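Commentary on secondary and tertiary structure
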Amino acid sequence: MGPWTSTALGDWLNLAGGSDAVFGHRAHSVVLSAPAGQLSPHALYTEQEGGESPELYPRPDGTIYICGLADDAPLPASTADVVADSNKLRRLAKFAESVSDRLSADSVVAGQACYLPVSRTGLPMIGQLHGLANGFVGAGHSCWGILNGPATGLMLADLLLDGACSFMDAEPFRPRLGTADGAKDGTGDG
């Protein structure tokens with residue numbers, strides 16, 4: 001459920017601290033067409049004044065994906081209602097021009113936004129939900145969900161089948177919702 005995980009934890013399951021355990025952090029991206037064969041195939045990670053860190057990812061199809069300029073706009077009720085900030089999309093496209101004279105802000109193929117699922121603790125919540133014998137969660141990975149998804153799946157499989165994780169200490173990721181320590185501030189770390 002990504003950034004909508006708190007809907008299940010708080011509204012559906014009524015777990016103390018669940019209604020704000022995971023929140024959405026809106027990230028923006030643009031896709032630009034790029035001159036064939038004229039860009040390095042390597043990703044570029046940048047750091048700008050003010051803490052903004054646009055990232056550029058050339059693609060084999062001749063486009064370049066540029067992401068960044070996140071904010072904490074309220075999470076809409078549905079993915080159909082996600083709206084990008086047009087000013088941030090323009091800034092990302094103009095940023096591309098500042099990185100390479102082979103990129104043009106006029107060559108935008110797509111512009112969009114998404115909401116990253118972020119937990120209040122900064123660590124993903126992975127494990128059994130307190131008081132629910134068959135309730136497990138794996139959420140709050142931010143942009144690292146794609147990379148950490150396989151390990152999260154293995155951890156959840158171990159916890160479901162064996163009651164313990166076989167390859168690492170699962171305790172730091174244990175959801176503390178609905179417990180005395182997790183209910184204090186809703187963050188899961190008491």
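Throughout, residues of each chain are indexed from 1 in the direction in which the sequence is written. Totals for whole chains, interfaces and linings use all residues, but because this is a predicted model, local features are given only for residues with pLDDT of at least 70 and pairs of side-chain atoms are given and counted only at 80 or more. Excluded from the side-chain calculation are hydrogens and water; included are all heavy atoms of the structure.

The next subject is the domain arrangement of the protein. Accessible area lost during the coming together of the parts is what is often quoted as the interface size. Each domain's extent was defined by an automatic or database domain assignment. Assigned domains within the protein: domain 1 (1-21 + 120-179) and domain 2 (23-119). Just the C-alpha atoms count here: the centres of domain 1 and domain 2 sit 29 Å apart. Here, residues are in contact when the closest pair of their heavy atoms is within 4.5 Å. Each partner contributes to the interface: domain 1 provides 13 residues, whereas domain 2 provides 13 residues. Computed with a 1.4 Å rolling probe, the buried area is the accessible surface lost when two parts are put together, summed over both parts. Carbon and sulfur atoms supply 65% of the area that domain 1 and domain 2 bury against each other, a total of about 1,000 Å² over both sides.

For helix α2 (residues 86-99), which comprises 14 residues, the first-to-last C-alpha distance of 20 Å matches the rise-based estimate of 20 Å (1.5 Å per residue) to within 8%. Only protein chains enter the calculation, and the probe is 1.4 Å; a residue is then buried if its accessible area is under 20% of its type maximum, exposed if over 50%, and partly exposed in between. Secondary structure elements are taken from DSSP: a helix is a run of H or I of four residues or more, a strand is a run of E of two residues or more, and numbering for both begins at the N terminus. When we look at burial in α2, the residues that qualify are Lys88, Leu89, Leu92, Ala93, Phe95 and Ala96. Here the buried residues of α2 occupy an arc of 150° about the axis, which is enough to place them on one side. Exposed positions of α2 whose direction lies more than 90 degrees from the buried face are Arg90, Lys94 and Ser98. Its buried side turned inward, α2 meets β1 (22-33), β3 (55-58), β4 (63-71) and β5 (108-119). Contacts described as polar in this section are N or O atom pairs within 3.5 Å, which, within protein, must combine one atom able to donate a hydrogen with one able to accept it, while residues neighboring in sequence count only if both atoms come from side chains. Of the residues flanking the start of α2, the one acting as N-cap is Asp85, its side-chain oxygen 2.9 Å from the backbone nitrogen of Asn87. Given the number of residues in a helix, its expected span is that number minus one, multiplied by 1.5 Å. By definition, the arc is the one covered by directions from the helix axis to the C-beta atoms.

In these notes, a set of buried Ala, Val, Leu, Ile, Met, Phe, Trp, Tyr and Cys residues joined through side-chain atoms within 4.5 Å is what counts as a nonpolar core. Of all hydrophobic cores here, the largest spans 14 residues; its most connected members are Leu32, Leu56, Ile64, Ile66 and Leu103. Contributing elements (two or more residues each) for this core: β1, β4 and α2. A per-element tally of this core places α2 first, with five residues. Excluding residues that lie within four positions of it along the chain, Leu32 makes contacts with Gly62, Thr63, Ile64, Ile66, Ala93, Ala96, Ser104, Ser107, Val108 and Val109. With nine residues, the next largest nonpolar core counts Met125, Leu129, Ala139 and Leu177 among its residues.

A word on the packing of aromatic side chains. The rule is short: rings of Phe, Tyr and Trp, with Trp giving its six-membered ring, pair when the centres are within 6.5 Å, and they are stacked under 30 degrees, edge-to-face over 60, tilted in between. Within this structure, the stated rule accounts for two aromatic pairs. Measuring from centroid to centroid gives 6.2 Å for Tyr57 and Tyr65, while their planes differ by 45°, and the two rings are tilted. One aromatic cluster is present, formed by Tyr45, Tyr57 and Tyr65 through successive ring pairs.

Any Lys or Arg side-chain nitrogen found within 4 Å of a carboxyl oxygen on Asp or Glu counts as a salt bridge. Per the counting criterion, the structure on display carries six salt bridges. Residues Glu97 and Lys94 are paired through a salt bridge, measuring 3.2 Å at the closest nitrogen-oxygen approach. Of this pair, Glu97 and Lys94 both sit in helix α2, separated by three residues, roughly a single helical turn. Classification of Glu97 as partly exposed rests on a relative accessible area of 28%. Where salt bridges share partners, they join Arg26, Asp71 and Lys88 into one cluster.

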